[in-house]
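Structural overview
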Amino acid sequence: MALLAPVIAPEDRIEVDLTRAKLPPSIGHMMGTDPLGRDVGAYIIWGTRTSLMVAATAVLLEILIAVGVGAISGYYRGVIDDVLMRITDVVLVLPTLVLLVVMVSMFKVRSLLLIAAAMAIVAWPWMARVVRSEFLSLREQSFVEAARSLGMSDLLIIARHILPNALSSVIVLATIDVAWFILYESTLTFLGFGDPSAISLGALISKGRNYLGTAWWTSTFPGITIFAVTLACNLLGDGLRDAFDVKTRV
Amino acid sequence: MGLLEIRALKTHYHTVEGIVRAVDEIDLYVERGETLGLVGESGCGKSTVGLSILRLVQPPGRIAGGHMIFDGEDLLLKRQREMEKIRGRKISMVFQNPMSSLNPVFTIREQVAEAIRLHQDISRNEVSSMVVSLLERAGIPDPWNRMKDYPHEYSGGMRQRAMIAMAISCNPLLLIADEPTTSLDVTIQAQILELMKNLKRELKMSTMLITHDLGLVAELCDRVAVMYAGKIVECSDVGTIFKRPVHPYTEALLKATLTTLGTRVREFYSIRGFVPDLISPPRGCRFQPRCDYATDLCSKEPPEVEVDSGHRVCCFRAAQRYLDEA
């Protein structure tokens with residue numbers, strides 16, 4: 001629904017109109033309006049879109065890094081594995097939120113892409129570890145040995161035989177991470193480290209916070225949305241995992 | 001000259017406890033079109049020989065020396081890239097555990113097709129019909145429909161058939177079958193045995209059958225090499241091994257096999273003692289601690305004698321007898 005924002009949430013709804021400021025939820029404005037007369041419902045649809053986009057970008061970047069590192073580590077083992085795993089450990093022990101804030105504040109211009117990249121950087125070690133452990137166990141499977149005996153190169157074996165088998169856990173982790181990224185992005189924005197020009201769910205909550213006493217709807221509805229989107233991502237992950245398991249296919 | 005000639009091959013596993021000499025300077029050859037049985041008990045290094053030929057020994061294992069002349073070229077001098085072109089095309093392998101040798105996320109069709117396309121330039125349309133004919137040859141009923149199945153929808157025997165189909169997809173010169181029937185139940189074993197006999201006749205490829213099942217050897221092989229603790233102790237044609245074994249280990253191995261010929265088995269013969277530790281094997285003849293005929297002489301490295309043409313044995317006792325006769 002959020003993808004259709006430009007269609008279902010007309011621009012004029014989020015324009016400033018002081019005549020309809022701080023209206024409680026009604027038929028015209030189902031989630032009420034904010035202190036500048038903007039429709040909260042329409043705003044949420046736009047905000048969800050931004051949040052999802054940032055989270056999706058971050059997850060894609062995360063998968064790219066994590067699968068790369070995890071695959072090399074798990075497949076080749078040895079020294080290269082040790083080096084890569086120590087690097088992951090280092091990133092892993094740093095407190096996530098602090099690292100995020102530091103990275104984001106290092107740059108003068110805060111774009112959504114930058115935030116996505118920063119989130120991918122703090123999150124990849126978790127996934128890399130899972131990918132590595134999957135690879136470690138899969139590489140010992142006899143179908144990998146059989147593939148080798150048929151004359152397949154390492155790259156082909158990784159891409160064709162091991163990765164597809166490791167994919168289901170990557171997907172599940174990815175969907176959980178989408179949920180986390182939405183929360184992280186909201187947290188960052190809430191703390192004032194977000195992209196000031198973007199409307200995201202976190203921005204909505206943070207702006208509405210000041211009016212919590214007089215216009216509760218401005219913060220509450222974006223909050224509920226975060227909850228709902230997060231839940232949806234997790235359910236999607238479960239569904240995808242079932243869909244990827246050939247044994248449940250008819 | 002034979003298709004494959006192995007000389008002084010050494011494959012070692014470097015473990016924390018020490019170097020395991022799984023294959024210790026063995027000599028072996030396979031002629032074109034013949035089936036060689038490599039027999040021995042668990043842990044004697046016979047599977048390692050198979051993996052060594054394909055250069056697939058994984059760390060901590062390492063081929064420590066020797067020569068493997070295959071079709072005129074030394075496999076040990078090849079780069080990995082060149083080996084990838086040989087594996088599956090000229091030498092292919094069938095493994096012991098069909099239950100896990102197929103990738104669970106792809107259909108049988110996809111996997112057999114992959115094996116074909118890896119080495120042969122064949123258009124997509126033709127691949128399908130090739131897959132069907134290969135599966136048919138391997139004895140899979142109704143291949144048009146069954147090839148769309150995933151491995152878990154196949155039984156163990158069917159999976160082994162699919163593996164064999166993949167292994168013969170490029171008409172290899174040598175097929176290494178590592179205990180192809182061990183994990184299957186008896187009736188399926190007989191079927192796979194029948195299949196391998198037929199393929200042997202049809203394809204005229206050389207086969208190295210790695211097994212501990214002497215019945216399988218008797219049915220399928222032309223020649224047999226008996227392996228004990230990393231060494232080949234006796235090598236001969238199949239008839240001689242069964243009728244006139246010379247090495248005490250071969251003799252004991254045959255005695256330990258249940259036969260239906262005797263009226264009743266009173267007591268099941270078993271070789272006393274255990275397989276020696278390959279990190280520090282017994283000095284001299286490795287079978288000496290378990291051998292009924294061992295003498296003081298046996299603590300020295302046994303000589304290899306050719307007691308008959310093509311019948312080689314590593315044993316002092318055999319050498320003595322041979323000299324006496326001569």
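Residues numbered from 1 in each chain as written. Chains lettered and ligands numbered in written order. Predicted model: local features only at pLDDT ≥ 70, side-chain atom pairs only at ≥ 80, totals over all residues. Heavy atoms only, no water.

The next point concerns the overall build of chain A. Per the secondary structure count, chain A includes nine helices and zero strands. Counting only residues that meet the buried cut, chain A has 47% of its 250 residues in that class. When contacts within chain A are restricted to residue pairs at least 6 apart in sequence, long-range pairs at least 24 apart make up 68% of them. Summing over all exposed atoms, chain A offers an accessible surface of approximately 12,200 Å²; the carbon and sulfur share of this is 70%. (Helix = DSSP H or I, 4+ residues; strand = E, 2+ residues; numbered from the N terminus. Buried < 20%, exposed > 50% of the residue type's maximum accessible area, 1.4 Å probe, protein only. Contact = heavy atoms within 4.5 Å. Areas by Shrake-Rupley, 256 points an atom, 1.4 Å probe, with all protein chains shown as cover.)

The next thing to look at is the pattern of salt bridges. Residues and elements named next belong to chain B. For the coordinates displayed, the defined rule picks out 22 salt bridges over all chains. In this structure, the salt-bridge partner of Arg290 is Glu41, at a minimum N-O distance of 3.5 Å. Of this pair, Arg290 sits in the loop between helix H10 (248–255) and strand S11 (304–308) while Glu41 sits in the loop between strand S3 (35–39) and helix H1 (46–53), and the two are 249 residues apart along the sequence. Of the charged contacts in the structure, one is a salt bridge between Arg81 and Glu84, with a shortest N-O distance of 3.7 Å. (Salt bridge = Lys/Arg side-chain N within 4 Å of Asp/Glu carboxyl O.)

Moving on, we get to the confidence of the model for chain B. Scored by pLDDT, chain B has a mean of 85; 96% of the residues are at 70 or more. Both scores are available for the predicted complex, with the pTM at 0.77 and the ipTM at 0.75. (pLDDT = per-residue confidence, 0-100.)

Attention now moves to the packing of helix H2 (residues 40–76) of chain A against helix H9 (residues 217–244) of chain A. All names here are of chain A. Look at H2 against H9: their axes get within 10 Å of each other, and the N-to-C directions meet at 40 degrees. Between H2 and H9, the angle falls in the class oblique. By crossing handedness, the relation of H2 to H9 is classed as right-handed. Listed contacts from H9 to Val40, Ile44, Thr48 and Leu52 of H2 are Trp217, Thr218, Phe221, Pro222, Thr225 and Val229. Classifying every residue of the contact of H2 with H9 gives seven nonpolar, three polar and no charged. (Axes fitted to C-alpha atoms, helices over the stretch in contact; angles between N-to-C directions. Parallel < 35°, antiparallel > 145°, perpendicular 65-115°, else oblique. Left-handed = near helix turned anticlockwise from the far one by under 90°. Nonpolar A, V, L, I, M, F, W, Y, C, P; charged D, E, K, R; others polar.)

All right, on to the environment of Arg117 of chain B then. Looking at the secondary structure, you find Arg117 of chain B in helix H3 (residues 108–119). A distance of 3.1 Å separates a polar side-chain atom of Arg117 of chain B from the backbone oxygen of Ile122 of chain B. (Polar contact = N/O pair within 3.5 Å; in protein donor to acceptor, adjacent residues only side chain to side chain.)

Now for the interface of chain A and chain B. With 22 residues of chain A at the interface, the matching set in chain B holds 28 residues. Roughly 2,200 Å² of surface becomes buried between chain A and chain B when both sides are summed, with 57% attributable to carbon and sulfur atoms. Across the chain A-chain B interface, the total number found is one salt bridge. With its nearest N and O atoms 2.7 Å apart, the salt bridge here joins Glu114 of chain B to Arg160 of chain A. For the pair chain A and chain B, the number of links is eight residue pairs in polar contact (both at pLDDT 80 or more). Taken together, the elements giving at least two residues each to the side of chain A that touches chain B come down to helix H6 (142–149) and helix H7 (154–190) of chain A. When grouped by side-chain class, the residues that make up the side of chain A that touches chain B number seven nonpolar, seven polar and eight charged. (Buried area = accessible area lost by both parts, 1.4 Å probe.)

The next thing to look at is the nonpolar core. Counting 95 residues, the largest nonpolar core has Ile26, Leu28, Ile53, Ile91, Leu174, Ile176 and Met208 of chain B as the members making the most contacts within it. Considering every element that reaches this core, the biggest residue donor is helix H6 (residues 156–167) of chain B, with seven residues. When residues no more than four places from it in sequence are discounted, the contact partners of Leu28 of chain B are Leu4, Glu5, Ile6, Leu36, Leu38, Val49, Met208, Ala225 and Ile232 of chain B. If you look at the next biggest cluster of nonpolar residues, it comprises 56 residues, including Val59, Tyr75, Leu100 and Ala123 of chain A. (Core = buried A, V, L, I, M, F, W, Y, C linked by side-chain atoms within 4.5 Å.)

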